[in-house]
Amino acid sequence: MQWNNLLQEIQNKNVKALARAISLIENEFAGYEDFLKLLPFSTKKIIGITGPPGAGKSTIVDCLINEFAVNNNRVAVLCIDPSSPFTQGALLGDRIRMNEWYNNPNVYIRSLASRGSMHGLHPKIIEITDVLKAAPFDIIIIETVGAGQVETEIARLADTSVVVLVPEAGDEIQNMKAGLMEIADIFVINKADRPEADRFVKNLRAMLPLYLHEKKKKAPVLKTIATEKKGIKELLETIIKHQQTETEKLKSFMMQAEKVYKLIEQKRMSDIDIKKLASEIERLSADKNFSLYRFAETFGK
């Protein structure tokens, strides 16, 4: 495999080469790590769209694509769909919602299965995102699966995390996992034409100080009706403003450090076979002095 040629093709806007590279990484094709080492370092900004199922995330992404595309920006979108716990397959339904963009040369959309990941993202999301950064895209958007409670990992990847909620979540907001509230740089209350939308926005704004901790200011709360494209321009302006603030520069490099930490963790754990671990624990457990913690310490060396 001529990895240098593949990277050059990607940098020259060859969409087929880009799709091929992503597939090779997804399936851990022999030598794919050599290709990753060729990727240039990039500080391109990532927009993350997350939130519970049915909030209208895909419709909002579709509207954002439209706003960026009309200004001749090249846009890449990764849509993560949940995998079946039995077959590991995925419906990849986001392709249906965004099908009008598939023939647009300035828009690239790729659906990925979560492959059992518990964080609403693909196991190779870091690597795939870096491939997109190597391509000449102006905007990169990642939409998570819509698991709601567990997809806080998007905050480690996206420079701007947009959490999409609906007015019906008002009665459940007290039970909403704190992590989802803390990761938001921007809250979007979609389907804002529904009853109780204004009350929900008021309650959400009142509750935000409970989740601020180290944040210096509250995340803005915006209202949208994505099916009618209402509120999208304000959302776009808020995203751009957030990504241009000086205070986000430190976050950007902290995120790069966390990415490297994850990559190191994956590399060091790559030769660990959980079935072999189970067999070894079974063998040693007959010893009354056996300790999982001593075993872990010894095994980790």
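Residues numbered from 1 in each chain as written. Predicted model: local features only at pLDDT ≥ 70, side-chain atom pairs only at ≥ 80, totals over all residues. Heavy atoms only, no water.

Peer 1: Just to check I follow, could you spell out the environment of Ala76 for this structure?
Peer 2: Counting through the fold element by element, Ala76 comes out in strand S2 (residues 75–81). The class for Ala76 is buried, based on a relative accessible area of 0%. The spatial distance from the C-alpha of Ala76 to the C-alpha of Leu132 is 7.2 Å, given a sequence separation of 56 residues. If sequence neighbours within four positions are ignored, Ala76 has contacts with Tyr108, Leu132, Phe137, Ile139, Ile140 and Ile141. (Helix = DSSP H or I, 4+ residues; strand = E, 2+ residues; numbered from the N terminus. Buried < 20%, exposed > 50% of the residue type's maximum accessible area, 1.4 Å probe, protein only. Contact = heavy atoms within 4.5 Å.)

Peer 1: How should I be thinking about the packing of aromatic side chains in this particular structure?
Peer 2: For any two aromatic rings, the description comes down to two numbers: the centre-to-centre distance and the angle of the planes. By the definition in use, this model includes three aromatic pairs. For the ring pair Trp3 and Phe35, a centre distance of 5.5 Å and an interplane angle of 35° mean the geometry is tilted. A residue pair is termed long-range when its members are at least 10 positions apart, and Trp3 in helix H1 (residues 3–11) and Phe35 in helix H3 (residues 32–37) qualify at 32 residues. Comparing Trp3 with Phe35 shows no difference in burial state: the two are buried. On the numbers, 6.2 Å between centres and 35° between planes, the contact of Tyr108 with Phe137 is tilted. (Phe/Tyr/Trp six-rings, centres within 6.5 Å; stacked < 30°, edge-to-face > 60°.)

Peer 1: It is not clear to me how the pairing of strand S6 (residues 186–189) should be interpreted in this structure. Could you clarify?
Peer 2: When a strand is regular, its side chains alternate between the sheet's two faces. Side chains of S6 alternate between two faces, with Ile186 and Val188 and Phe187 and Ile189 buried alike. Where S6 lies against strand S7 (residues 221–223), three bridges are found, and the strand directions are parallel. What sits directly across from Ile189, in S7, is Lys223. (Pairing = 2+ DSSP bridges.)

Peer 1: What am I meant to see in the nonpolar core here?
Peer 2: Residues Ile10, Phe35, Leu132 and Phe187 are the most contacted members of the largest nonpolar core, which totals 46 residues. When residues no more than four places from it in sequence are discounted, the contact partners of Phe35 are Trp3, Leu6, Leu7, Ile10, Ala21, Ile25 and Val131. (Core = buried A, V, L, I, M, F, W, Y, C linked by side-chain atoms within 4.5 Å.)

Peer 1: I'm lost on the packing of helix H2 (residues 15–26) against helix H6 (residues 125–134) in this one. Help?
Peer 2: When two helices pack together, you describe them by how their axes are tilted relative to each other and by the distance separating the axes. Axis separation between H2 and H6 bottoms out at 10 Å; the angle between their running directions is 160°. Taken together, the axis directions place H2 and H6 in an arrangement best described as roughly antiparallel. Here H2 runs over H6; the crossing is right-handed. Within the contact between the two elements, H2 uses Leu18, Ala21, Ile22, Ile25 and Glu26 and H6 uses Glu127, Ile128, Val131 and Leu132. The class makeup of the residues in the contact of H2 with H6 is seven nonpolar, no polar and two charged. (Axes fitted to C-alpha atoms, helices over the stretch in contact; angles between N-to-C directions. Parallel < 35°, antiparallel > 145°, perpendicular 65-115°, else oblique. Left-handed = near helix turned anticlockwise from the far one by under 90°. Nonpolar A, V, L, I, M, F, W, Y, C, P; charged D, E, K, R; others polar.)

Peer 1: Teacher, can you tell me more about helix H4 (residues 57–69) here?
Peer 2: Residue pairs three or four apart in sequence face the same way in an α-helix, which turns once every 3.6 residues. For H4, with 13 residues, the first-to-last C-alpha span of 18 Å sits near the 18 Å given by 1.5 Å per residue. Buried residues dominate H4, accounting for 11 of its 13 residues. Among the residues of H4, Lys57, Ser58, Ile60, Val61, Asp62, Cys63, Leu64, Ile65, Glu67, Phe68 and Ala69 are the ones counted as buried. (Expected span 1.5 Å × (residues − 1).)

Peer 1: Can you help me understand the packing of helix H13 (residues 274–284) against helix H14 (residues 292–299) in this one?
Peer 2: Orientation of H13 relative to H14, taken along the N-to-C sense of each, is 130°, at an axis distance of 12 Å. When the axis of H13 is compared with that of H14, the two are oblique. Remark: the crossing between H13 and H14 carries right-handed chirality. Every residue of H14 that contacts H13 at Leu277, Glu280, Ile281 and Leu284 is listed here: Leu292, Phe295 and Phe299. Taken together, the residues that form the contact of H13 with H14 break down as six nonpolar, no polar and one charged.

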